[in-house]
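Residues per chain are reported as follows:
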Amino acid sequence: MIGRLLATLLLSLAAVAAAAQGSAGTTAADPARVRAADRLMGVQSPRLLMQDMAVKMAAQMEPAVRDSFMAMMRDEQLLDTIVNITRESLARNFTAEELNALADFYSQPIARSAMSKMDVYMADIAPRMIHEILQRARASETSGKGGTAPR
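Reference entry: report on the structure contained in this document. (Residues numbered from 1 in each chain as written. Predicted model: local features only at pLDDT ≥ 70, side-chain atom pairs only at ≥ 80, totals over all residues. Heavy atoms only, no water.)

## A look at the environment of Met 41
Here comes step 1: Looking at where Met 41 falls in the secondary structure, it is placed in helix α2 (residues 31–43).
Here comes step 2: Note: C-alpha distance between Met 41 and Val 83 (42 residues apart in sequence) is 8.4 Å.
Here comes step 3: Ignoring any residue separated from it by four or fewer positions in sequence, one finds Met 41 in contact with Pro 46, Val 83, Thr 86, Arg 87 and Leu 90. (Helix = DSSP H or I, 4+ residues; strand = E, 2+ residues; numbered from the N terminus. Contact = heavy atoms within 4.5 Å.)

Here it is as structure tokens:
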């Protein structure tokens, strides 16, 4: 169970990374961007986001692996690395103005309320979206119009 969840997470992250390769922003560590990234991370903490994701993933795991998974996800060195990766990527891919706009948005109570519902929203639409995509892929393969069937 843990292997499947981690594989799904890693494949999703890899797909997002591959899609973003062509659109990566500048490579600078512009001090204004870094300050703005830190400001955004102050109102939308990567540590808290990781912990929230870990708790939700762990709830779906077998009890035998849940504790070791949570221990790994609470590792300070891992969390520090995630924070640094996040900071670097935010500063590289967004302007200071964009980062500050996001920080302004996430600072608002209504934004926090809306974003707290995002996981429920995603859980609601994901199975239906996956179903539709798989249906289209199967239909495409059956009709001979190309596409690849899931294995």
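## Description of the packing of aromatic side chains
Here comes step 1: Within the structure shown, the criterion is met by one aromatic pair.
Here comes step 2: For the pair Phe 105 and Tyr 106, a centre-to-centre distance of 5.0 Å together with 70 degrees between the ring planes defines the contact as edge-to-face.
Here comes step 3: A residue is classified by how much of its surface remains accessible, and Phe 105, at 35% relative accessible area, is partly exposed. (Phe/Tyr/Trp six-rings, centres within 6.5 Å; stacked < 30°, edge-to-face > 60°. Buried < 20%, exposed > 50% of the residue type's maximum accessible area, 1.4 Å probe, protein only.)

## Let's talk about a nonpolar patch on the surface
Here comes step 1: Taken together, the side chains of Met 118, Tyr 121 and Met 122 make up a nonpolar region of the molecular surface, amounting to roughly 280 Å² of accessible area.
Here comes step 2: Topologically, Met 118 is positioned in helix α8 (residues 118–143). (Patch = residues over 30% accessible without salt bridge, like charges linked within 9 Å, V, L, I, M, F, W, Y side chains within 5 Å. Areas by Shrake-Rupley, 256 points an atom, 1.4 Å probe, with all protein chains shown as cover. Salt bridge = Lys/Arg side-chain N within 4 Å of Asp/Glu carboxyl O.)

## Brief notes about the pattern of salt bridges
Here comes step 1: Enumeration over the complete set of coordinates arrives at eight salt bridges.
Here comes step 2: One salt bridge connects Arg 39 with Asp 104, and the closest N-O pair in it is separated by 2.4 Å. In this pair, Arg 39 is assigned in helix α2 and Asp 104 in helix α6 (residues 96–107), connecting sequence segments 65 residues apart.
Here comes step 3: Taking relative accessible area as the criterion, Arg 39 reaches 35% and is therefore assigned partly exposed.
Here comes step 4: Between Arg 47 and Asp 80 there is a salt bridge; the shortest N-O distance is 2.1 Å. You can see Arg 47 sitting in helix α3 (residues 46–58) and its partner Asp 80 sitting in helix α5 (residues 76–93), a full 33 residues away along the chain.

## Some remarks on the nonpolar core
Here comes step 1: One finds Ala 36, Ala 37, Leu 40, Met 41, Val 83, Leu 90, Ala 96, Leu 99, Ala 103 and Tyr 106 forming the largest nonpolar core, which totals ten residues.
Here comes step 2: When near neighbours in sequence (up to four residues on either side) are disregarded, Leu 40 contacts Leu 90, Leu 99, Leu 102, Ala 103 and Tyr 106.
Here comes step 3: With nine residues, the next largest nonpolar core counts Met 50, Ala 54, Met 57 and Met 70 among its residues. (Core = buried A, V, L, I, M, F, W, Y, C linked by side-chain atoms within 4.5 Å.)

## Some details on the packing of α3 against helix α4 (residues 63–73)
Here comes step 1: Between α3 and α4, the least distance of the axes is 10 Å, while the angle of their chain directions is 170 degrees. Between α3 and α4, the crossing angle belongs to the class labelled roughly antiparallel. Counted together, Met 50, Gln 51, Met 53, Ala 54, Val 55, Met 57 and Ala 58 of α3 and Arg 66, Phe 69, Met 70 and Met 73 of α4 form the full contact between these two elements.
Here comes step 2: Looking at the contact of α3 with α4, its residues break down into nine nonpolar, one polar and one charged. (Axes fitted to C-alpha atoms, helices over the stretch in contact; angles between N-to-C directions. Parallel < 35°, antiparallel > 145°, perpendicular 65-115°, else oblique. Nonpolar A, V, L, I, M, F, W, Y, C, P; charged D, E, K, R; others polar.)

## So, the environment of Ala 32
Here comes step 1: In this structure, Ala 32 sits in helix α2.
Here comes step 2: Given the relative accessible area of 27%, Ala 32 is considered partly exposed.
Here comes step 3: Residues Ala 32 and Glu 97, spaced 65 residues apart in sequence, show a C-alpha to C-alpha distance of 9.1 Å.

## Some points on the packing of α6 against helix α7 (residues 109–116)
Here comes step 1: At a minimum axis separation of 5 Å, α6 and α7 run at an interaxial angle of 85 degrees. Here α6 lies roughly perpendicular to α7, going by the angle between them. Of the residues in α7, those touching α6 at Phe 105, Tyr 106 and Ser 107 are Pro 109, Ala 111, Arg 112 and Met 115.
Here comes step 2: A per-class count over the contact of α6 with α7 returns five nonpolar, one polar and one charged.

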